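Observations on the three-dimensional arrangement
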Amino acid sequence: MESAPETTRRVFFALWPDEAESDALACWQAPLRERCGGKAMRADTLHCTLVFLGEVAEHRLEALQLAAQEADFRPFLLAWRSAHYWGHNHIVYAAPDETPPELTGLVTSLQDILRAHRFRFEERPYKAHATLLRHAQWTDAPLPPLPAVHWQVRDFVLVHSLSDAQGARYEVLCRFGWQA
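A brief look at the structure comes next. (Residues numbered from 1 in each chain as written. Predicted model: local features only at pLDDT ≥ 70, side-chain atom pairs only at ≥ 80, totals over all residues. Heavy atoms only, no water.)

1. Here's the deal with the overall build of the chain
Stated formally: Each helix is a run of H or I in the DSSP string that is no shorter than four residues. Each strand is a run of E no shorter than two, and both are numbered from the N terminus. Radius of gyration means the value over C-alpha atoms here, while the globule rule gives 2.2 Å times the residue count to the 0.38 power.
Summing up its helical and strand segments, the chain has four helices and ten strands in all. Tracing the chain from N to C terminus, the helices and strands come up as β-α-α-β-β-α-β-β-β-α-β-β-β-β. Taken over C-alpha atoms, the radius of gyration comes to 17 Å for the chain, in line with the 16 Å a tight globule of 180 residues would show. With the C-alpha coordinates aligned to their principal axes, the bounding extent of the chain is approximately 55 × 40 × 30 Å.

Laid out in structure tokens, this is it:
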């Protein structure tokens, strides 16, 4: 007798802005879209991925949430200062001029914890970014300067990524970090 396939969820850890922060970053999209074309991400989906795990078995989600509570997290300010284009995947993204050490520390801490708890995840050099446009076309030419946008990072989240006819949508499963 065959057992039913294991149910999984496509998940990742991210920084998730509040509504005013995501709306401020979304204001960059119109001038960038005029130059690059493409499809703007919905303001309510703008985020900065920390660690992408992909498919995780449902029965391991509680262990994943408990593991994330061990992460070294301290609140910090993240300043988005410029837009760039990745030609290999046709994405226009926001980036900070410098990645805050607290952000680098959080990503490293999460990766170490995930390894210790035997979770698999995408291992690649970390580059802080927030995707603004998909299916864009541009060159290596600099994109126009835009006003800085600041996110006051007080926590990070575990997100379930879902796809449907309207595209990707995200459900925040759990928040971690600083408690006032």
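2. Observations concerning the pairing of strand β4 (residues 76–80)
Here is the rule we go by: Throughout, exposure labels follow a simple rule: accessible area from a 1.4 Å probe, protein chains only, divided by the maximum for the residue type, with under 20% read as buried, over 50% as exposed, and the rest as partly exposed. In short, DSSP must find at least two bridges between two strands for them to pair.
Counting buried positions over the five residues of β4 gives four, a clear majority of the element. Looking at chain direction, β4 and strand β8 (residues 149–153) are connected through five bridges and run antiparallel. For Leu78, the partnering residue across the bridge sits in β8 and is Trp151.

3. Quick notes on the environment of Val157
To keep it simple, the criterion reads: Whether two residues touch is decided by their heavy atoms; if any such pair falls within 4.5 Å, the residues are in contact.
Its place among the elements puts Val157 in strand β9 (residues 155–164). Using a relative accessible area of 0% as the deciding quantity, one classes Val157 as buried. For the pair formed by Val157 and Leu15, sequence separation is 142 residues and the distance between their alpha carbons is 6.3 Å. Discounting residues that sit within four places of it in the chain, Val157 has contacts with Phe12, Phe13, Ala14, Trp16, Val172, Cys174, Arg175 and Phe176.

4. Examining the sheet that holds strand β7 (residues 130–134)
With antiparallel pairing, the four strands of this open sheet are ordered in space as β2-β7-β6-β5. Taken across any chain shown, the strands that pair with only one partner, and hence form the sheet edges, are β2 (39–40) and β5 (82–86). When β2 meets β7, the two strands line up antiparallel, connected through two bridges. Paired with Ala40 across the two strands is Leu133, which belongs to β7.

5. Looking at helix α2 (residues 29–36)
Our working definition: Throughout, the arc means that of the directions going from the helix axis to the C-beta atoms.
For α2, the set of buried residues is Gln29, Leu32 and Cys36. End-on view of α2: buried residues confined to an arc of 70°, all on one side of the axis. Residues of α2 that are buried make contact with α1 (19–26), β2, β5, β6 (91–95) and β7. After α2 finishes, the residue Gly37 shows a positive phi value of roughly 70°.

6. Some details on α1
The cut-off we apply is this: In the analysis that follows, any N or O atom pair within 3.5 Å is treated as a polar contact, provided that within protein one partner can donate a hydrogen and the other can accept it, and provided that, for residues neighboring in sequence, both atoms belong to side chains.
Within α1 the residues assigned to the buried category are Glu21, Ser22, Leu25 and Ala26. Buried residues of α1 fall within an arc of 135° about the axis and therefore sit on the same side. Within α1, the exposed residues directed more than 90 degrees away from the buried face are Glu19 and Ala20. The opening residue of α1, the one whose side-chain oxygen lies 3.2 Å from the backbone nitrogen of Ala20, is Asp18.

7. With respect to the packing of aromatic side chains
How we decide: Aromatic pairs are defined between Phe, Tyr and Trp rings, using the six-membered ring for Trp, whenever the two ring centres lie within 6.5 Å; interplanar angles under 30 degrees are classed as stacked, those over 60 as edge-to-face, and all others as tilted.
As enumerated under the stated definition, the model contains ten aromatic pairs in all. Summarising the aromatic geometry, the rings of Trp16 and Tyr170 are spaced 6.0 Å apart at their centres and angled 80° between planes, so their arrangement reads as edge-to-face. Of this pair, Trp16 sits in the loop between β1 (8–15) and α1 while Tyr170 is found in strand β10 (residues 167–177), placing the two residues 154 residues apart along the sequence. Among the residues examined, Trp16 registers a relative accessible area of 16% and is labelled buried. For the ring pair Phe73 and Phe156, a centre distance of 5.8 Å and an interplane angle of 50° mean the geometry is tilted. In this pair, Phe73 is assigned in the loop between α3 (61–68) and β4 and Phe156 in strand β9, connecting sequence segments 83 residues apart. Taken as a pair, Phe73 and Phe156 share a single burial class, namely buried. An aromatic cluster is built from Phe13, Phe73, Phe76, Phe156 and Phe176, whose rings are joined through pairwise contacts.

These figures capture arrangement, not role.
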